[in-house]
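Descriptive analysis of the structure
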Amino acid sequence: RSRIIVIAVVAALIAAAVVIGVVLGSGVGSTSSNSAISASSSAVYIVGTVSDSASAAVISGATISGAGVSSSTNASGIFTVWATPTDGRIVLQFSKSGYVPQIAAISSTGADSYSLPVLMTVINASTTFAFSVAAGTNQTIYLSDSDAIIYIAPGAIAGSGTAYLRVTRLSPVAGPGQLASSVSDATYGTSNLQSAGMFYFDVVDGSGAALSLSIPAQIAFVYSNLTGNVTGSAMQAWSMGATGLWGSPNAGATRRRDSETDSGYAQARQAGYWNADRAYQTGCVRGVIRRTGGANCAGARLSMNAYGIVSAVNTDANGAFCLEGP
């Protein structure tokens, strides 16, 4: 296991009697526990607020779909819905003009009601590119630790005129989705992943209406800025579909290995989320957090930043923790 060079541990007490998990990133959220969710369960009650990820302003009129839901947020950004689980999961899609669509996936935690805060990101105007449908476009977008290249071939869109490629960078930590169960790494596992960056892209006309691609867009990641002194597997590019699962066999999207020595492109026939990451070797920092006076501190949040990779964990009922890092 590699040595941890830089460790910054910050503990924050969670004072609420009920812990509410945010689905963004982890994909899990719940309140109290009564009966377990199963594929045959009836609808469960979900209440939440949709907010702007940058300003924290509430978003009214955001539409909500999926899991038998057809609703929208009120003037205060609040929604209340009854959603039907499928295979132990509830997947909701949130959309609003001018924002990147958001996917919130709630996994089975044995609850019959959920509190679901949702953050939406404004589409980035600085990485919106106008191009001629006849000529196509080839754009390079800087991500957190890599560059993403998106190529749309001439004639990939039916008709003529001007189209717009919209690319919005997202935080790999706060971004949506869960790993599909089919994703595995025999050497390092999948509990810890180093991301080269995440983004959402779509192609629209002048009115903002989505355009379909008859020729798949080509997507590649360039890792020249990525921290290279972490032991791990090769980088791979992933897509996420409407199921909220990364690496799943999504309609119109293909996963393909893409590393510093592989110039191959992944292909996307439709708008969507993309990410590149790798599993890495870890070590574990163990300890116990206690309150002043000596009582164990349960539910404290710790984080560590080593080589630019952020890890986080909560202490258990005894205040103990095992915080993994590269």
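Note that the structure is predicted; figures quoted are calculated from it, not measured. (Residues numbered from 1 in each chain as written. Predicted model: local features only at pLDDT ≥ 70, side-chain atom pairs only at ≥ 80, totals over all residues. Heavy atoms only, no water.)

The next subject is the pattern of salt bridges. With the rule as written, the count across this model stands at 1 salt bridge. Arg166 is the partner of Asp202 in a salt bridge, and the nearest nitrogen-oxygen pair spans 2.7 Å. With a gap of 36 residues between them, Asp202 in strand 14 (residues 193-204) and Arg166 in strand 12 (residues 162-170) connect regions that are remote in the sequence. What makes Arg166 buried here is its relative accessible area of 19%. (Salt bridge = Lys/Arg side-chain N within 4 Å of Asp/Glu carboxyl O. Helix = DSSP H or I, 4+ residues; strand = E, 2+ residues; numbered from the N terminus. Buried < 20%, exposed > 50% of the residue type's maximum accessible area, 1.4 Å probe, protein only.)

As for its position among the elements, Arg286 is in strand 21 (residues 283-288). Take Arg286: its relative accessible area is 67%, and that puts it in the exposed class. Between the alpha carbons of Arg286 and Cys322 there is a distance of 4.5 Å; along the sequence they are 36 residues apart. With near-sequence residues (within four places) excluded, Arg286 lies in contact with Phe321 and Cys322. (Contact = heavy atoms within 4.5 Å.)

One non-glycine residue, Ala56, lies in positive phi territory at about 70°. Along the chain, Ala56 turns up in the loop between strand 1 (44-52) and strand 2 (63-66). Ala56 sits in the exposed class, given a relative accessible area of 54%. Backbone geometry at Ala67 places phi at a positive 55°, although glycine is not the residue there.

Before going further, it helps to examine the environment of Phe131. Looking at the secondary structure, you find Phe131 in strand 9 (residues 128-132). Its relative accessible area of 6% is what places Phe131 among the buried residues. In contact with Phe131, not counting residues within four places along its chain, are Gly136, Thr137, Ile152, Ile157, Gly161, Thr162, Ala163, Tyr164, Leu165 and Val203.

With respect to the element layout, Asn275 can be found in strand 20 (residues 272-279). Excluding its chain neighbours within four sequence positions, the residues that come into contact with Asn275 are Ser195, Gly197, Met198, Phe221, Gln236, Ala237, Trp238 and Trp246.

Along the polypeptide, Ser55 turns up in the loop between strand 1 and strand 2. Along the backbone, Ser55 and Thr121 are 66 residues apart, and their C-alpha atoms lie at a distance of 9.7 Å.

What follows covers the sheet that holds strand 19 (residues 266-268). The sheet built from 4 strands is open, its strands ordered 10-11-15-19 with antiparallel pairing. Edge strands, defined here as strands with exactly one partner in the open sheet, are strand 10 (137-142) and strand 19. Recorded for the sheet is a direction-independent mean angle of 25° between the axes of neighbouring strands. Where strand 11 (residues 147-152) and strand 15 (residues 217-222) come together, 5 bridges link them in antiparallel fashion. The residue bridging Asp147 from the neighbouring strand is Val222, located in strand 15. (Pairing = 2+ DSSP bridges. Axes fitted to C-alpha atoms, helices over the stretch in contact; angles between N-to-C directions.)

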